[in-house]
Amino acid sequence: MSTGLSAFERIWAPRQQLSEAMAKRWFETLVPFTLLVVLIAVSGALVPNFLTLGSLTSTGREFAEFGFVALAMAIVLIGGGVDLSVGSIFALANFLSLFLVSVVGLPVWACLVLTPLAGCLLGAVNGALIGFLRARALLTTMAMLIVFRSIYELVTYQYAADLSAGDPASPLWDYIGGGSLLGVPINLVVLGLIAVVVHLVRSRTRFGWHIAAVGAGRLAARHAGLPVNWLVFSTYVISGALSATGGLFYAARFMNAGRDVGVGLEVDALTAVVLGGVSLMGGRGSAARAMIGALTIFLINNGLVRAGVVSGVNSLVMGALMLLAVAVDRKLLKNLPRLAARLYIDPAALRLPPPPAIDPGSGSPFAVNFGLRGAYPIGFRGEDFAGQEDYVLDDREMRLFNPEDVLLDQQDRVYTGTSNGLIMRYYGHNYGAREAYARTGGQVRGLAWAADGRLLALVAGVGLVAIGDDRVVHRLSDETNRTPFRFRDDSRLAALVNLSVGPDEKVYISEASYRHEVHAWINDAVEARPNGRILVYDPATGRTRTLINHLVYPSGVCVASDGQSLLFSETWLCRISRLWLSGQKAGRTETVIENLPVYPANISKAPDGYWVAAVGARTPSFDLMASEKAARYRIVRSLPRDEWPTPNFNAGGAFLLTEAGEIKRMLWDPAGRGQNYSAVTSARQYGPYLYLAGIFNNRIGRVVVDRDGDVWKSPNFLYQREESPRQLEEIR
Amino acid sequence: MAAIFRRLFFGGEQQSAPVFDGVLRPNQDLDLCRLIARGLESPDDVAIVSGDPVVSSGARIVRVTGQWFAPLQSTVAVLDGVGGALAALPDGGLAVAVDGDRIVFVGGGRDGRVLREAASQAFTCVTAIAVAGDRMLVAEGSHRNPLAHWRRDLFQGNRAGRVVEIDLVSGRDRLVAGALAWPQGVAALPNGDVLVAESWAHRVRALGDPRFGYDDIPAYPGRLCAAAGGGFWLCCFAARTQLVDFVLADRRLSERMMREVDEEFWIAPALAATDHPHEPTQLGGVKQYGVRKPWAPARSYGLVIRLDEELSPAASLHSRVDGKRHGVTGVATAAGAVFLTSKGNGKLLRHDEESTGDLR
């Protein structure tokens, strides 16, 4: 009989995959990239000879000049500005290089240096006005667009005759204009190199990060101590240089200083980079995105021209694309994290067969009883003792909150962790004395003794820590190997629950979920997906690796008495399994018991078998809900968290599991008056005492049990505090 | 179309169970009422006979006097079924609904008479009886389900209830209204009209004048009783929760639940928390530090609303989720005292009408 999640449900989680992919930085680029691929495919299908080599070469040569301008625009946008004068700078550079080569007669290499430098100078005018004089980027560059364009028209008018008469007659000049490197147009090669450099500078250098920081928030960048003025200035200088380089290549190719050179280029470039995913609001974008956008716009432009549409239609399409790009920029990119968060919880259909009976008269080992009623509370009250000498804790801090696990040392002192990050120790007569044993900095979950006698603890947000006699908290491990083929990086340890130390001194750790933090366990309960894993920490190497992956909320983990296998519980599956660590069956996993009527949590060794804490009881209504994933998804989206259906965590206890996998007895503390131990997450037996910790509780419970797990009932827990040796003898 | 538009632009479904605010702001007044008797077996309704409260409790009709620590209970009558709705007759007798399918007269001039049908239709589930002069108004929750399966009727979305009027003198009967959504409370208005509380529709309205009513009650309204200073007392036997409303709206889910889960453990309103491990639980209801939070989603709840003459709520008494007086089904007034039965917790309570306050 197969219970729980079907193989299909284990794998099929499209919302989960999508949501995790959305959180990735590359996802923003994915949309424009897909558009581009579709466009290329469509163009290849519609335009004859589009994908032939000759066509590609000429198209590429044309594209490169536009690419430089787009790159220039992208850099300014990332820095939080906008540069509308790129087209005019392009035109001026075109004129200047022709002038230098043809009229002045400078050698070509000097022109190659001087033209970009002139571009820098023109950009510097923009940069100085905007960076230092705090002029508005849009108006300033628009003014400069007009000024540069007027200068261009004046000088081309002046030198029209000289330009058309001149001929550089230089092979280098011809090579720049029409040459190829390994079959790729030379200007495209240069563009590619520069784009790579820009990409690396943007993503890998301090300068690039600073520019993005200024773009994302000028004031914040200033408060962070960045030289904002200089950074803004530099973006315009770079923009000028790149635009001028584009103009230079244009000049070499066409040898023409016509009136319409570079007209409208700024609008095309702006549309391109925004379509590619460079945000208009600044701070977001990359060279790759600029190139994707530029290629898209270029192909559309080119396609329309080849299709022979009227020129007005061309502009109309560009305008529409610009609107689309702005809408995508503002709506999609801004809301992407929110969308990802909304899709994040993706429930699976979990079908469990009807559970065994729990009615008192049913004769089932799970029959409800009041075995844990009247357990002696530890940590619930008691005399105040001072904390550690470095700091003073007041009473409220010392109160016990949310103990997940309980542990005793050689001197029968009780250790437990709290949700405010303390490891508390209770000792003395009736455990009336207490002290904060250590301070960890996160919610403390599982506790265990290491082979070297140190106290091991799992701490939310910290990892596996060890505490020696000096009470200093040492972090042993906080990461494991990353799961292949998973979008989200799951190498950081998240919701750690329980641990067990094997005879080989290795520490076996259960991580309930890589997707949801400890406090968000309810999300995992709603999801019921194989998000958890069991890890093993090797003290010899100091490294942690994943032992079993894709488990459904593994919480309890316990090295079996023979030391050859590992028992673990999968809470939402109501199942306990055994993994063989050594021997003939090493590496194999087998089910010990399934379809429990309760949700199993931590497992610990008992004199004959294991104590398994039952954190809650299955309810028919939640079993029904668990199989209805669509309803659960809608509940998560439309109902407040407090209204979400859950298993019944107000009932539970602990049960005794034999080595053979049979249930000997379950001790309950059902809801109602006098219930003190709900949501039991840990049950450990020391001698005749069974200690209980519950994650939603504020006390540790203690009852006296016999060898079969039956509770020795005393009429009142007040008399159960200190059983006399004779009484204990009777119990044994 | 509107649904698609809403899903696109306003983030999916909107659950719109109204909340307790204004006059209905939660308090502990019901928990502070004087306790007259406890340990009663599901006290369903209460009536006043010669100044003392009489309660239908299981198969018995019990007269309760004294205090909770020294109650004086005397059995007025033993029925051949489970007693439900109760009404005092002008001649000193009582009309009792037994098993929902008959009305038995106890004491007075009609002692021993049994009424099994009215308006040429047999009773199946009588939920409330009100007597005004010689008129006896009988509300029947549904003709599709017996009284015990009231949750099933809710999840089937039935509107199969009716109100009939019986003239006690002539014995003539007539149908006042049909196709009601589980009328659990009925009362005569001073102008001769009939006031009905429809539980599944969460409203109280006058049958003759649809505009005269109280809508969008954040609870399941039950029995009604005229208050001394004008207006009415309205018992609400459970509170609405967003989860129950969600399941009700999801036909597929509610069909599966009706088919596969025991009625006792449905995600449905209840008269009291049973503490059974199979009881449905919600996250807010998980005990923290051994305490059930009063603001948790209410599987069971205690609520009594005082309505003024305009049927606007004027005051309310609450027993919140951590309270012990849930599932109030019966109400009766006598000489400034309001007697309430908490069917869920087996209690008879007394509230002094004076102390309701100046109609907040």
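Residues numbered from 1 in each chain as written. Chains lettered and ligands numbered in written order. Predicted model: local features only at pLDDT ≥ 70, side-chain atom pairs only at ≥ 80, totals over all residues. Heavy atoms only, no water.

An unreviewed UniProt entry annotates chain B as NHL repeat-containing protein originating from Roseiarcus fermentans.

Chain A goes by Ribose transport system permease protein in an unreviewed UniProt entry, where it is assigned to Roseiarcus fermentans.

As for empty space enclosed by the protein
Residue and element names in this part refer to chain A. Per the counting criterion, the structure on display carries 4 cavities of 30 Å³ or more. Considered as a void within the structure, the largest cavity measures approximately 40 Å³ in volume. Leu350, Leu352, Ala525, Val526, Ala528, Trp572, Tyr599, Phe622, Ala626 and Arg632 are the residues that line the largest cavity. Where the lining of the largest cavity is concerned, the elements lending two or more residues are helix H17 (521-527) and helix H18 (620-627). Along the lines of polarity and charge, the residues of the lining of the largest cavity split into 9 nonpolar, no polar and 1 charged. Roughly 40 Å³ of volume is contained in the second largest cavity. Lining the second largest cavity are Arg445, Ala495, Val497, Ala512, Ser513, His516, Glu517, Val518, Trp521 and Tyr553. Classifying every residue of the lining of the second largest cavity by side-chain character gives 6 nonpolar, 2 polar and 2 charged. (1 Å grid on protein atoms, 1.4 Å probe; cavity = no way out; pocket = protein on both sides within 12 Å on 5 of 7 lines; lining within 4 Å. Points joined across faces, edges and corners; volume = space filled by probe spheres on them. Helix = DSSP H or I, 4+ residues; strand = E, 2+ residues; numbered from the N terminus. Nonpolar A, V, L, I, M, F, W, Y, C, P; charged D, E, K, R; others polar.)

Some details on the nonpolar core
Ranked by internal contacts, the top residues of the largest apolar core, which has 101 residues, are Trp572(A), Ile576(A), Leu596(A), Trp611(A), Phe655(A), Leu657(A) and Phe155(B). A per-element tally of this core places strand E21 (residues 609-617) of chain A first, with 7 residues. When near neighbours in sequence (up to four residues on either side) are disregarded, Phe155(B) contacts Val244(B), Val247(B), Leu248(B), Arg251(B), Ser254(B), Met257(B), Met258(B), Trp266(B), Ile267(B) and Ala268(B). By size, the runner-up hydrophobic cluster in this structure holds 82 residues, among which are Phe68(A), Leu71(A), Leu100(A) and Ala252(A). (Core = buried A, V, L, I, M, F, W, Y, C linked by side-chain atoms within 4.5 Å. Buried < 20%, exposed > 50% of the residue type's maximum accessible area, 1.4 Å probe, protein only. Contact = heavy atoms within 4.5 Å.)

What to know about the UniProt feature "transmembrane region" (unreviewed entry) in chain A
All names here are of chain A. UniProt's entry tags residues 30-51, 63-92, 98-125, 137-155, 175-200, 230-251, 263-283 and 303-328 with the feature "transmembrane region" (unreviewed entry), counted in the numbering of this structure. Between the C-alpha atoms that bound residues 263-283 there is a distance of 28 Å. The span itself is 57% helix and 0% strand. With 88% helix and 0% strand, the stretch residues 303-328 has end C-alpha atoms that lie 23 Å from each other. (UniProt positions renumbered as here; feature names shortened; annotations may be inferred.)

Details of the domain arrangement of chain A
Considered domain by domain, chain A is made up of domain 1 (28-35 + 54-343) and domain 2 (376-382 + 394-715). The straight-line distance from the C-alpha centre of domain 1 of chain A to that of domain 2 of chain A is 59 Å. (Domains from an automatic or database assignment.)

Topic: the interface of chain A and chain B
Contacts between the two partners involve 44 residues from chain A, matched on the other side by 37 residues from chain B. Here chain A packs against chain B, burying approximately 3500 Å² in sum over the two surfaces, 56% of which is carbon and sulfur. Contact with chain B buries surface across chain A, with Leu624(A), Arg634(A) and Glu643(A) losing the most and accounting together for 17% of the total. For the pair chain A and chain B, the number of links is 3 salt bridges. Residue Arg256(B) is joined to Glu628(A) by a salt bridge in which the shortest nitrogen-to-oxygen separation is 2.8 Å. Looking at the side of chain A that touches chain B, the elements that each hand over two or more residues are H17, H18, helix H19 (629-638) and strand E22 (645-646) of chain A. With 5 residues, the single largest contributor to the side of chain A that touches chain B is H18(A). Residue composition of the side of chain A that touches chain B, grouped by class: 21 nonpolar, 13 polar and 10 charged. Relative to strand E22 (residues 281-282) of chain B, E22(A) is paired through 2 bridges, and the arrangement is antiparallel. If you follow Thr646(A) over to E22(B), its bridge partner there is Thr281(B). (Buried area = accessible area lost by both parts, 1.4 Å probe. Salt bridge = Lys/Arg side-chain N within 4 Å of Asp/Glu carboxyl O. Pairing = 2+ DSSP bridges.)

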